[in-house]
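Coordinate analysis (summary)
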Amino acid sequence: MNYNGTEVFCKQSGNGKNAVVLLHGWGASSAAMDGIYAYLSKNGRSVFAVDFPGFGKSDFPPETWGVYDYADCVQYILNESGIVRPVLVGHSFGGRVALILGARGIASKLVLADAAGLKPKMSLKKKRAIARYKAAKRKGKILPDAGSADYAALSPAMKKVFVRIVNTHLDGLLAKIDVPTLLFWGKEDKDTPPYMAKRFHKGIKDSGLVMLNGAGHFAYAERGDVFNAAVRVFTAKTE
């Protein structure tokens, strides 16, 4: 599908009614959520998945994009596909997009799996790293180890998009979510630590939190059996 000149890859199982929409994490593609896609399809659910621009089979987005542009893109695609009041399932970056769309009132339910989007706590180590980076930048130097692995793997244009996204905090949207929300988290998540799960849980009034021992940032895949069953039960009333 084309969104403002950007080709976006989508796939769908079922007729779209009460669809479960899968939104993958940064650096991945819809294929990362093939487990839940296949499981729900096998159990008679309508499922829709998208490759975010810049990943998978989709075109790269303009370098001016931020997270709200991604949300606008997904909302347009859902409208064009005739998908109304879907269940949005977002992992990590996909959770950012799901949170924005949920705050806009277009979803019937949300599933946020190790979701990103909240302002992180600033550790002393992080503060020192930022100070070191800024000092080097003032001197016109580039530190070879600056930035995360996700950042380092990106093209120059996508780095601009990434920086804009990680510096957009969505804490203020939590109170605007008024639909049932399932929070699914790995207790060993280092990217979006458990304290974020607790903040999501506290900020979203109708939310339930599932924390899994021994699972990390990809808890939905590490414990696909638990996640798939939980999503199926949680969304059963929308069928």
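Given the structure is predicted, the values throughout are model-derived calculations rather than measurements.

Here is what the cut-offs are and how they apply
Residues numbered from 1 in each chain as written. Predicted model: local features only at pLDDT ≥ 70, side-chain atom pairs only at ≥ 80, totals over all residues. Heavy atoms only, no water. Helix = DSSP H or I, 4+ residues; strand = E, 2+ residues; numbered from the N terminus. Contact = heavy atoms within 4.5 Å. Areas by Shrake-Rupley, 256 points an atom, 1.4 Å probe, with all protein chains shown as cover. Pairing = 2+ DSSP bridges. Axes fitted to C-alpha atoms, helices over the stretch in contact; angles between N-to-C directions. Core = buried A, V, L, I, M, F, W, Y, C linked by side-chain atoms within 4.5 Å. Buried < 20%, exposed > 50% of the residue type's maximum accessible area, 1.4 Å probe, protein only. Salt bridge = Lys/Arg side-chain N within 4 Å of Asp/Glu carboxyl O. Parallel < 35°, antiparallel > 145°, perpendicular 65-115°, else oblique. Left-handed = near helix turned anticlockwise from the far one by under 90°. Nonpolar A, V, L, I, M, F, W, Y, C, P; charged D, E, K, R; others polar. Arc of directions from axis to C-beta.

**As for the overall build of the chain**
A tally of regular secondary structure across the chain gives nine helices and nine strands. Excluding contacts between residues fewer than 6 apart, the proportion of contacts in the chain whose partners are at least 24 apart in sequence is 73%. Summed over its atoms, the accessible surface of the chain is roughly 11,700 Å², and 53% of this surface lies on carbon and sulfur atoms.

**What to know about the sheet that holds strand β8 (residues 181-186)**
By definition, the strands of a sheet pair up through backbone hydrogen bonds, in either a parallel or an antiparallel sense. Read across the open sheet, the seven strands follow the order β3-β5-β4-β6-β7-β8-β9; overall the sheet is mixed. Among the strands making up the open sheet, the edge pair consists of β3 (10-13) and β9 (207-212). Neighbour to neighbour, the strand axes of the sheet diverge by 15° on average, direction disregarded. Bridge analysis of β3 against strand β5 (residues 47-50) gives four bridges, and the strand direction is antiparallel. Each residue of the ladder has a partner; that of glutamine 12, found in β5, is phenylalanine 48. Contacting β7 (109-113), β8 and β9, helix α7 (residues 194-203) runs over the sheet at an angle of about 170° to β8.

**Some points on the nonpolar core**
Proteins that are soluble and globular tend to have nonpolar side chains buried together. Of all hydrophobic cores here, the largest spans 48 residues; its most connected members are Trp26, Tyr70, Val97 and Phe200. Considering every element that reaches this core, the biggest residue donor is helix α2 (residues 67-80), with seven residues. Non-local contacts of valine 97, meaning those with residues more than four positions away in its chain, are made with Leu23, Phe52, Val67, Tyr70, Ala71 and Val74. Counting 21 residues, the second largest nonpolar core, distinct from the first, contains Met33, Leu182, Phe184 and Ala219.

**Section: the pattern of salt bridges**
Close approach of charged atoms allows side chains with opposite charge to pair. Applying the stated criterion across every chain yields a total of five salt bridges. Here lysine 160 makes a salt bridge to glutamate 63, at a shortest N to O gap of 3.3 Å. One end of the pair, lysine 160, is in helix α6 (residues 156-166); the other, glutamate 63, is in the loop between β5 and α2, and 97 residues separate them in sequence.

**Comments concerning the environment of lysine 159**
Its location among the elements puts lysine 159 in helix α6. A relative accessible area of 23% places lysine 159 in the partly exposed class. Separated by 96 residues in sequence, lysine 159 and glutamate 63 have C-alpha atoms that sit 8.4 Å apart. Setting aside chain neighbours within four positions, we find lysine 159 in contact with Tyr151, Ala152 and Leu154.

**A closer look at helix α3 (residues 93-103)**
Buried residues dominate α3, accounting for ten of its eleven residues. When α3 is considered as a whole, its buried residues turn out to be Phe93, Gly94, Gly95, Arg96, Val97, Ala98, Leu99, Ile100, Leu101 and Gly102.

**So, the environment of aspartate 69**
Relative to the helices and strands, aspartate 69 resides in helix α2. Setting aside chain neighbours within four positions, we find aspartate 69 in contact with Tyr3 and Thr64.

**Quick word on the packing of helix α1 (residues 34-42) against helix α9 (residues 224-235)**
Look at α1 against α9: their axes get within 10 Å of each other, and the N-to-C directions meet at 45°. Considering the angle they form, α1 stands oblique to α9. Note on packing geometry: the crossing formed by α1 with α9 is right-handed. Here α1 contributes Gly35, Ile36, Tyr39 and Leu40 to the contact with α9, which in turn contributes Phe227, Asn228, Ala229, Val231 and Arg232. Residue classes in the contact of α1 with α9 are distributed as six nonpolar, two polar and one charged.

**Overview of α7**
Restricting attention to buried positions, one finds in α7 the residues Pro194, Met196, Ala197 and Phe200. Axial view of α7: buried residues confined to an arc of 150°, hence all on one face. Looking at α7, the residues exposed on the side facing more than 90 degrees away from the buried face are Lys198 and Lys202. Of the surrounding secondary structure, the elements contacted by the buried residues of α7 are α3, β7, β8 and β9.

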